Amino acid sequence: MSSELKLQANTGRTLGSRSSRRLRHENKIPAVIYGHGSDPIPVTLDRLEFRSALNAAGANAVITIDVDGQDYLSIVKELQRDTIANKVSHVDFQLVRLDELIVVDVPVNLTGEALAAGRQGAVVQQQIMTLSVQAPAGQIPQSFEIDIEELAIETPLRVSDLTLPDGVISQLELETVIAIAQISRATLADATEDELAVDGDDAIDGGDDEASAAGDSDGAGD
């Protein structure tokens, strides 16, 4: 059983940081395949081929890795990156079966325009960027989409508002908040200015009343 996405990998690489640096200079990525009780298999990937496959299928795609003519069904378990060059420096692949239940983190994307929040002078703040789910390896969603048009201060979006495919189970409580609408700093600043203006007007009105009362008192003395 294999997936539609396939990568070529080569064995025989020398282990160690010096060898890994040399591979990266050759536009290759050191990787390891492990799982199901088998011994880890150190392999080498072509960087451009791997990047193209990941961009096309997403981080949670099931990938068939051809290692010297033998196929290994796997998913990307971990990506290590060079923080300076912002390039993948190492990949861990986990062996899977398409019907095997696994736990993965799936990106959560906010869609639409926050109309209700905008009318309240609020801004949208996303609380979780990924949702941990359990699903068969062959049915992992690449992302979850949730519309924020009706998101308002009093109605945050929760995990229960997501539509999960059959067989996909959230590992977070359904009441977990995904996104909220919160009064923006600009709105708060405007409200504060308005309050200060009202207080100033009240103070002026109060001063005028006191002056009138003082004038009336003087007239009475005369």
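Note: the structure precedes this text.
Residues numbered from 1 in each chain as written. Predicted model: local features only at pLDDT ≥ 70, side-chain atom pairs only at ≥ 80, totals over all residues. Heavy atoms only, no water.

Novice: What is the right way to look at the overall build of the protein in this model?
Specialist: Along its length, the protein carries four helices and 13 strands. A buried classification covers 34% of the 222 residues belonging to the protein. Relative to all contacts within the protein whose residues are 6 or more apart in sequence, the contacts with residues 24 or more apart total 65%. (Helix = DSSP H or I, 4+ residues; strand = E, 2+ residues; numbered from the N terminus. Buried < 20%, exposed > 50% of the residue type's maximum accessible area, 1.4 Å probe, protein only. Contact = heavy atoms within 4.5 Å.)

Novice: I tried to follow the pattern of salt bridges on my own but got confused; where do I start?
Specialist: One side chain can pair with another of opposite charge once the charged atoms of both are near each other. Under the definition given, this model contains two salt bridges. Its salt-bridge partner being Lys6, residue Asp71 comes within 3.3 Å of it at the nearest N-O pair. Of this pair, Asp71 sits in strand S5 (residues 70-82) while Lys6 sits in strand S1 (residues 5-10), and the two are 65 residues apart along the sequence. Salt-bridge contacts for Arg158 lead to Glu175; the nearest nitrogen and oxygen are separated by 3.6 Å. You can see Arg158 sitting in strand S11 (residues 157-158) and its partner Glu175 sitting in the loop between strand S12 (169-170) and strand S13 (177-183), a full 17 residues away along the chain. (Salt bridge = Lys/Arg side-chain N within 4 Å of Asp/Glu carboxyl O.)

Novice: I would appreciate a short explanation of a negative patch on the surface in the present structure.
Specialist: There is a patch of like negative charges on the surface, built from Glu113, Asp147, Glu149 and Glu150. Examined against the element boundaries, Asp147 turns out to sit in strand S10 (residues 144-147). The class for Asp147 is partly exposed, based on a relative accessible area of 42%. (Patch = residues over 30% accessible without salt bridge, like charges linked within 9 Å, V, L, I, M, F, W, Y side chains within 5 Å. Areas by Shrake-Rupley, 256 points an atom, 1.4 Å probe, with all protein chains shown as cover. Lys, Arg positive; Asp, Glu negative; His and termini not counted. Charge placed at Lys NZ, Arg CZ, Asp CG, Glu CD.)

Novice: What is the right way to look at the pairing of strand S9 (residues 130-136) in this model?
Specialist: If a strand is regular, its side chains alternate between the two faces of the sheet. The buried fraction of S9 is high, at five of seven residues. Bridge analysis of strand S7 (residues 101-111) against S9 gives seven bridges, and the strand direction is antiparallel. Looking at S9, one finds that Val103 is bridged to Gln134. Pairing geometry for S9 and S12, over two bridges, is antiparallel. Residue pairing across strands places Gln134 opposite Ile169, the latter belonging to S12. (Pairing = 2+ DSSP bridges.)

Novice: Got a minute to help me understand the sheet that holds S13 in this structure?
Specialist: Overall, antiparallel pairing links the three strands, which are arranged S8-S13-S11 in an open sheet. Two strands close off the open sheet at either side, each with one partner strand: strand S8 (122-126) and S11. Across five bridges, S8 lies against S13 in antiparallel orientation. By the bridge assignment, Val123 is partnered in S13 with Gln182.

Novice: Is there a simple way to explain the environment of Lys87 in this structure?
Specialist: Within the secondary structure layout, Lys87 lies in strand S6 (residues 87-95). Look at Lys87 and you get partly exposed, because its relative accessible area is 45%. Placed 58 residues apart in sequence, Lys87 and Ile29 show a C-alpha to C-alpha distance of 9.7 Å. If near-sequence neighbours (up to four positions away) are discounted, Lys87 is found in contact with Arg47, Gln80, Arg81 and Asp82.

Novice: How do you make sense of the nonpolar core when you look at a structure like this?
Specialist: By size, the foremost hydrophobic cluster in this structure holds 27 residues, and its most contacted members are Val96, Ile102, Val104, Leu131, Val133, Phe144 and Ile178. Of all the secondary structure elements, the ones that give two or more residues to this core are S5, S7, S9, S10 and S13. Looking at this core, the element that brings in the most residues is S7, giving four residues. Contact partners of Leu131, with chain neighbours within four places excluded, come to Val104, Asp105, Val106, Val108, Phe144, Val159, Leu162, Leu164, Ser170 and Leu172. (Core = buried A, V, L, I, M, F, W, Y, C linked by side-chain atoms within 4.5 Å.)

Novice: Looking at this structure, I do not really get unusual backbone geometry. What am I missing?
Specialist: Glycine aside, residues mostly have negative phi, and peptide bonds are mostly found in the trans state. Positioned with a positive phi, His36 is a non-glycine residue whose angle comes to about 55 degrees. Checked against the element boundaries, His36 lands in the loop between strand S2 (28-35) and strand S3 (38-46). With phi around 50 degrees, Asp68 is a residue other than glycine that occupies positive phi space. One can find Asp68 in the loop between strand S4 (63-67) and S5.

Novice: What should I look at first to understand the sheet that holds S2 in this one?
Specialist: Whether parallel or antiparallel, the strands of a sheet pair through hydrogen bonds between backbone atoms. Around the barrel, six strands lie side by side as S1-S3-S2-S6-S5-S4; this closed barrel has mixed pairing. Neighbour-to-neighbour, the strand axes of the sheet open up by a mean angle of 45 degrees, direction not taken into account. Packed onto the sheet, helix H2 (residues 47-57) meets S1, S2, S3, S5 and S6 and runs at close to 160 degrees relative to S1. (Axes fitted to C-alpha atoms, helices over the stretch in contact; angles between N-to-C directions.)

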